[in-house]
Amino acid sequence: MKALVAVKRVVDYNVKVRVKADESGVELANVKMSINPFCEIAVEEAVRLKEKGVVSEIIVVTVGPKEAQEQLRSAMALGADRAILVESSDAVRPLEIAKILKSIAEAEDAQVILLGKQAIDDDNNQTGQMLAALMGVGQGTFASEVVVDGGKMNVTREVDGGLQTVELKLPAIVTTDLRLNEPRYAALPNIMKARKKPLEMKAPSDFGVDAASKIQVTKVSPPPERSEGVTVGSVDELIDKLKNEAKVLG
Ligand code: AMP
């Protein structure tokens, strides 16, 4: 059976994000870009399913600019077999991405469809849920364990106060949480091999999707600067400040 993994190109999580001076968005020029960390966990999980003999082929998909080929090559270096880049310079929103993923999942007859629980740039946490709704299939979100057995998949989910296990009929959607696995590093020979793996170029219009956003970002602003702390000389001084300056004590 085939696994489809959706990966997004985002600003690397180690980069301190800077807002553009005109507050129109985040500065992307000369910034290191990577696979969204939750998507990397999704790729790793697919590779582990392939290593267990559950999955026979892994297809990675991204919707993004031409440069997102880099992230698809990285995913193939981790073990994906082939890639599809749906090229768009627009900031494509989750619903449109979900529509594109639905077309691809159905055309490929993918049985296990893995996404990150959220993309760390826009923090939507929507795409997997929308995809499950559009396809009319089950979803296991915030997965910390995935077991595929026959035509079923058991997904253990991280919920408030513990773990919940759901059984899903295939095809089904999984969105990955941080504890699902620890992605491997790509070995050099695999990075070289990934250069030769197939990468297909598509456009949103090939799937009948208009990528132009129906949502306009009106302003992006950095979080307020934290004011400097003070060192107090005594407990009495601290209590006095809490009462009279911070006014958090009566
Ligand atoms: P979001 O709903 O935007 O927080 O993203 C959740 C997950 O949906 C990501 O971790 C990806 O697996 C997938 N996804 C979001 N945006 C894209 C994109 N542009 N291309 C491919 N997959 C995406």
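Calculation notes
- Residues numbered from 1 in each chain as written.
- Predicted model: local features only at pLDDT ≥ 70, side-chain atom pairs only at ≥ 80, totals over all residues.
- Heavy atoms only, no water.
- Helix = DSSP H or I, 4+ residues; strand = E, 2+ residues; numbered from the N terminus.
- Buried < 20%, exposed > 50% of the residue type's maximum accessible area, 1.4 Å probe, protein only.
- Contact = heavy atoms within 4.5 Å.
- Areas by Shrake-Rupley, 256 points an atom, 1.4 Å probe, with all protein chains shown as cover.
- Lys, Arg positive; Asp, Glu negative; His and termini not counted.
- Charge placed at Lys NZ, Arg CZ, Asp CG, Glu CD.
- Near = heavy atom within 4 Å.
- Polar contact = N/O pair within 3.5 Å; in protein donor to acceptor, adjacent residues only side chain to side chain.
- Nonpolar A, V, L, I, M, F, W, Y, C, P; charged D, E, K, R; others polar.

Caption draft 1: Structural detail: the overall build of the protein chain. Helix and strand content of the protein chain: 6 helices and 11 strands. Burial analysis of the protein chain (250 residues in total) assigns 40% to the buried set. Across the protein chain, the fraction of contacts at a sequence separation of at least 24, relative to all contacts at a separation of at least 6, is 68%. Carbon and sulfur atoms make up 50% of the accessible area of the protein chain, which amounts to about 14200 Å² in all. Between the centroid of the 33 positive side chains of the protein chain and the centroid of its 37 negative side chains there is a distance of 3 Å.

Caption draft 2: Spatial organisation of the site of the ligand. Lining the immediate environment of the ligand, one finds 17 residues, of which Ala6, Val63, Ala119, Asn125 and Thr127 sit closest. Between the ligand and alanine 119, the relevant distance is 2.8 Å, taken from an oxygen atom to a main-chain nitrogen or oxygen of the residue. Separating an oxygen atom of the ligand from a backbone N or O atom of glutamine 126 is a distance of 2.8 Å. Here the ligand loses 98% of its free accessible area of 470 Å² to cover by the protein chains. Secondary structure elements with two or more residues in the shell around the ligand: strand E4 (57–64) and strand E6 (110–116). A per-element tally of the shell around the ligand places E4 first, with 3 residues. Here the shell around the ligand is built from residues that sort into 8 nonpolar, 8 polar and 1 charged.

Note that every value here comes from positions in space, so none of it alone points to a role or purpose.
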